[in-house]
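# What the coordinates show
Chain by chain, the residues run as shown.
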Amino acid sequence: MTEFEKSHWSERGHGEKYLDTADLVVVERERLLWMLGSFYSHFLGRGKKNRVLDLGCGDGVLTRALVDLDGTIDATLVDGSGDMLDRARERLEGFGHARFIRATFQELIKDEVELSGFDLVVSSLAIHHLEAGDKRALFRCIYSALKERGYFVNIDMVVSPSRVMEEWHIRLWQEWMAERKAALKIDSDYNYFVERYTAKDHYEKIEPLRDQMEALRAAGFNDVECHFKYGIFAMYGGRK
Ligand SMILES: C[S@@+](CC[C@H](N)C(=O)[O-])C[C@H]1O[C@@H](n2cnc3c(N)ncnc32)[C@H](O)[C@@H]1O
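Remember, predicted model here, so these are calculated numbers, not experimental data.

### Notes on the overall build of the chain
Secondary structure summary: the chain contains eleven helices and seven strands in total. In summary, the chain has a C-alpha radius of gyration of 17 Å against a globular reference of 18 Å for 240 residues, a match within 12%. Dimensions of the chain, computed from the C-alpha atoms along their principal axes, are close to 40 × 40 × 40 Å. Here the contacts in the chain between residues at least 6 apart in sequence split such that 68% fall between residues at least 24 apart.

### Quick look at helix α5 (residues 82-91)
When we look at burial in α5, the residues that qualify are Met84, Leu85 and Ala88. With its buried residues spanning 100° around the axis, α5 presents them on a single face. Residues of α5 that are exposed and point over 90 degrees away from its buried face: Gly82 and Glu90.

### Digging into the pairing of strand β6 (residues 222-230)
Sheet analysis places β6 next to strand β7 (residues 233-239), joined by six bridges and oriented antiparallel. If you follow Phe228 over to β7, its bridge partner there is Met235. Adjacent in sequence and paired antiparallel, β6 and β7 are bridged by two residues, among which Gly231 carries a positive phi angle near 60°.

### With respect to unusual backbone geometry
Here Leu125, not a glycine, exhibits a phi torsion of approximately 55°, which is positive. The exposure class of Leu125 is buried, given the 21 C-beta atoms found within 10 Å. For Arg149, which is not a glycine, the phi torsion comes out positive at approximately 70°. Examined against the element boundaries, Arg149 turns out to sit in strand β5 (residues 146-157).

### Side note on the packing of helix α7 (residues 132-145) against helix α11 (residues 209-219)
Viewed as axis vectors pointing N to C, α7 and α11 meet at an angle of 45°, and their least axial separation amounts to 9 Å. The orientation of α7 with respect to α11, classified from their angle, is oblique. As α7 runs across α11, the sense of the crossing is right-handed. Across from Lys135, Arg136, Phe139, Arg140 and Tyr143 in α7, the residues of α11 making contact are Ala215, Leu216 and Ala219.

### Some points on the site of the ligand
Residues in contact with the ligand amount to 22 residues; listed here are only the nearest, Gly56, Gly58, Gly80, Ser124 and Ala126. Counting only elements with at least two residues in the shell around the ligand, the list comes to α2 (14-25), α4 (61-69) and α6 (105-109). For the shell around the ligand, the leading source of residues is α2, giving three residues.

### Some remarks on the pairing of strand β4 (residues 118-124)
When you tally the buried positions in β4, you get seven out of seven residues, the bulk of the element. Both strand β1 (residues 51-55) and β4 contribute to a ladder of four bridges, which runs parallel. Considered in β4, the bridge of Asp54 is made with Val122. Where β4 lies against β5, six bridges are found, and the strand directions are parallel. Paired with Val121 across the two strands is Phe152, which belongs to β5. The β-α-β motif built from β4, the intervening α7 and the parallel element β5 has right-handed crossover chirality.

### Overview of the packing of helix α3 (residues 29-44) against α4
Contact pair α3 / α4: the axes reach a minimum separation of 10 Å and the direction vectors enclose 50°. Of the possible angle classes, the one that applies to α3 and α4 is oblique. Crossing of α3 over α4 shows right-handed handedness. When α3 is examined against α4, the residues Leu33, Leu36, Gly37, Tyr40 and Ser41 are found in contact with a partner set consisting of Leu62, Ala65, Leu66 and Leu69. Across the contact of α3 with α4, the residue classes tally to seven nonpolar, two polar and no charged.

What counts and what doesn't
- Residues numbered from 1 in each chain as written.
- Predicted model: local features only at pLDDT ≥ 70, side-chain atom pairs only at ≥ 80, totals over all residues.
- Helix = DSSP H or I, 4+ residues; strand = E, 2+ residues; numbered from the N terminus.
- Rg over C-alpha atoms; globule rule 2.2 N^0.38 Å.
- Contact = placed C-beta atoms within 7 Å.
- Buried ≥ 20, exposed ≤ 12 C-beta atoms within 10 Å, placed from the backbone.
- Arc of directions from axis to C-beta.
- Pairing = 2+ DSSP bridges.
- Axes fitted to C-alpha atoms, helices over the stretch in contact; angles between N-to-C directions.
- Parallel < 35°, antiparallel > 145°, perpendicular 65-115°, else oblique.
- Left-handed = near helix turned anticlockwise from the far one by under 90°.
- Near = placed C-beta within 6 Å.
- Right-handed = clockwise from strand over helix to strand, strands pointing away.
- Nonpolar A, V, L, I, M, F, W, Y, C, P; charged D, E, K, R; others polar.

Geometric values such as these leave the question of function open.
This is the structure:
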């Protein structure tokens, strides 16, 4: 069994459950998508047929947000789950410049998929599933998939090095979800996600932001920066 097959993402229904509640579960998701658009417009520029790679694309939410800004994008979406890729195909229906690759990050690390010449690599809430060594190997892989001066932006989970701060960050997350539930008048059970997040096999892989940024520097990235942080959620990245 591969690492991906062992993960929740290969479990029937887990992906659907995430997609159905993502706007409730992911803190400031709309604002993060908006920020990604701002980053894109500022650093990449619209109308230039930029080549964008979306890793762990899920239903293609990041690519969709970028394509809505710039229809000239040439997009490559990668996910280990065939079901998620089907959702991404649906979400990008009618957009002609997208290719969809079913591959795990472990396969990318082993160089089993040819990925090169990208202006921008984006990822959201996917890379934290990797063990520390694989995460670093994936960062090197992303670096080599980028063109010179290309950018990487990762929206992901981070853990606080301080236990007392971490406890509050988890609470802050729960408070966010409670607030969203009330605002959206929905009754989903968000504790499912807190339990999954803090389950030992998942939680032990989450690294502090500073370690993830340091790993980017070690992979060769410049201008490594955290653009946003709200408890356990962060947006960070660098430039080749
Ligand atoms: C939480 S979802 C995020 C989806 C999307 N990026 C978003 O922000 O809504 C995580 C995605 O990463 C994919 N994923 C998790 N581990 C992976 C791995 N090792 N290789 C490839 N894809 C993986 C899952 O199948 C899932 O689609």
